[in-house]
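Listed below are the residues making up each chain.
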Amino acid sequence: MRVLWLVSITIPAAAAACGLAANEVGGGWLTGQLTALRALPGAPELTVCSVDARVQTPKTGAADGVRFRLLPAGDQAAFSALLRADRFDLVHIWGTEYPAARALHAAALAAGVPALVGIQGVMADCAAHLCDGVPEKYRRSCFVQRGIDRIVPGALLDGLQARFDALAAGEAVLLREARFVTGRTAFDKAAAARLAPRARYFVCNETLRPAFYKGPAWRPRTFGAAPRLLMSQGNYPLKNLHTVLQALPALQRRWPGLTLAVAGWPPLDKGPLLRPVIDWMFPYQRYCKRLIRTLGLEGCVRYTGPLNEAAMKQAYLDADLYLLPSSSENSPNSLGEAMLLGLPCVASAAGGIPDMLADGREGALYAPPGDAAALAGAVLRVLGAPDAGAALGAAAQARAQKTHDPAANARALAGIYTAILDGAEILNGEDTQ
């Protein structure tokens, strides 16, 4: 069985095989699933493809029995040529929203090659909730801002909204023609039923980054009045940092030394002369900075900068609680990683999150995502418990060890490939949500 994967980023193994510098931030879960699938007896013959602006002509490499293809452009003609040259039996497209996914799906349909589409997020829902809770004045830009943005890109929220709307429209085009879809939650299954009415839906959970299956797990510590909270993303409003900031004063009344670490880049700062212009061009960051200032949180919030796999794991281990307050998620890998380590978790009950974490048994969920008081209450329930949430973290860890079991997920994925190619009517594990 010859299978072509299309992924939205160039994973480190592909970069190394093709002579490029590797990006160590992001995509590790793809590496985990790839490694597990290759370990199966009779594993498929895999080629992993991505579109990479750094290459001028197609590049090919190989490592550990996997072929890698990097393309300079992801149009239908390029993928049609690839399918003709390599005669794949099946195409697996990871993600639905990026243009190359639509191009390969169209090429596969034209060539008569079965294509499996893996739902990551649901872009229609992400677009609908992108700016929830952000005041209108931060969401609108003027013609001067838009002119500057064309020369020196900023992060204007109406421009971001337009991009998300376009991605959602592209996702809808792809899924409308899809015949085979894989997902993990009742949320994405419902989206598939709505957006891909002619597709068979298969369940396959995700394998996470290798570091989270080995080495030390989280251990509770005595934090006294200074618990450490962790968010894994906060650079755009869908991740809902603004609601966390609004919840922090109530938590500080209980724990005056409480701190919040936010993984990723801090707001851009090029000195006092450029600061007003940068703030103008990055309205969400400006809004969060204003919240930090007006709520007296200057010594409470810390941005870590981008973290690679090892550093992100250490950030989880150093925390007392993981926060996932997003306005829209499907099955966030960051939550799975925190659960695998046994770190107590508080999350919004958005999208597919309730399928991953049981409220009151494995962590705490709150709703709606923009309710700062509900968020603070969930944190108080977990960290205020006699064991500061350790039992919840242990239960979440046991759940995640099953959900994200590499060998089980590899077998499920290989079974889906076989079922599609054999035209099987029933697949063990299908339609189990």
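Scroll up to find the structure.
So, a few notes on the structure that sits alongside this text. (Residues numbered from 1 in each chain as written. Predicted model: local features only at pLDDT ≥ 70, side-chain atom pairs only at ≥ 80, totals over all residues. Heavy atoms only, no water.)

**Things to note about the overall build of the chain**
In terms of regular secondary structure, the chain is built from 18 helices and 14 strands. Counting only C-alpha atoms, the chain reaches 65 × 55 × 40 Å along its principal axes. Buried positions account for 52% of the 433 residues belonging to the chain. Contacts spanning at least 24 positions in sequence make up 71% of the contacts within the chain whose residues lie at least 6 apart. As displayed, the chain has an accessible area near 18,100 Å², and 56% of this comes from carbon and sulfur atoms. (Helix = DSSP H or I, 4+ residues; strand = E, 2+ residues; numbered from the N terminus. Buried < 20%, exposed > 50% of the residue type's maximum accessible area, 1.4 Å probe, protein only. Contact = heavy atoms within 4.5 Å. Areas by Shrake-Rupley, 256 points an atom, 1.4 Å probe, with all protein chains shown as cover.)

**Focus: unusual backbone geometry**
Of the consecutive residues Ala-367 and Pro-368, the connecting peptide bond is found in the cis state with omega at -10°. With respect to the helices, strands and loops of the structure, Pro-368 is situated in the loop between β14 (364–366) and α16 (372–383). With phi around 50°, Arg-87 is a residue other than glycine that occupies positive phi space. Following the sequence through the fold, Arg-87 ends up in the loop between α3 (76–86) and β5 (90–94). Even without a glycine there, the phi angle at Ala-388 is positive, about 55°. Position of Ala-388 among the secondary structure elements: in the loop between α16 and α17 (390–403). Looking at Ala-388, the relative accessible area reads 15%, which means it is buried.

**Remarks on the nonpolar core**
Leu-245, Leu-248, Leu-260, Val-301 and Leu-323 are the most contacted members of the largest nonpolar core, which totals 49 residues. When residues of this core are assigned to their parent elements, the largest contribution, eight residues, is made by α16. The residues contacting Leu-245, other than those within four sequence positions of it, are Leu-260, Cys-288, Leu-291, Ile-292, Leu-295, Leu-297 and Val-301. (Core = buried A, V, L, I, M, F, W, Y, C linked by side-chain atoms within 4.5 Å.)

**Comments concerning the state of the cysteines**
Evaluation of the coordinates by the stated rule reveals zero disulfides. Free of any disulfide, Cys-18 has its nearest neighbouring cysteine sulfur in Cys-49, separated by 9.7 Å. (Disulfide = S-S within 2.5 Å.)

**Some words on the sheet that holds β14**
With parallel pairing, the six strands of this open sheet are ordered in space as β11-β10-β9-β12-β13-β14. A single partner strand is all that each edge strand has here, and the edge strands are β11 (301–303) and β14. Neighbour to neighbour, the strand axes of the sheet diverge by 20° on average, direction disregarded. Helix-sheet contacts for helix α10 (residues 241–254) involve β9 (228–231), β10 (259–262), β11 and β12 (321–324), and the interaxial angle to β10 is about 165°. The strands touched by helix α14 (residues 333–341) are β12 and β13 (345–348); relative to β12, the strand with the most contacts, the crossing angle is about 165°. (Pairing = 2+ DSSP bridges. Axes fitted to C-alpha atoms, helices over the stretch in contact; angles between N-to-C directions.)

These values are about where atoms sit, not about what they do.
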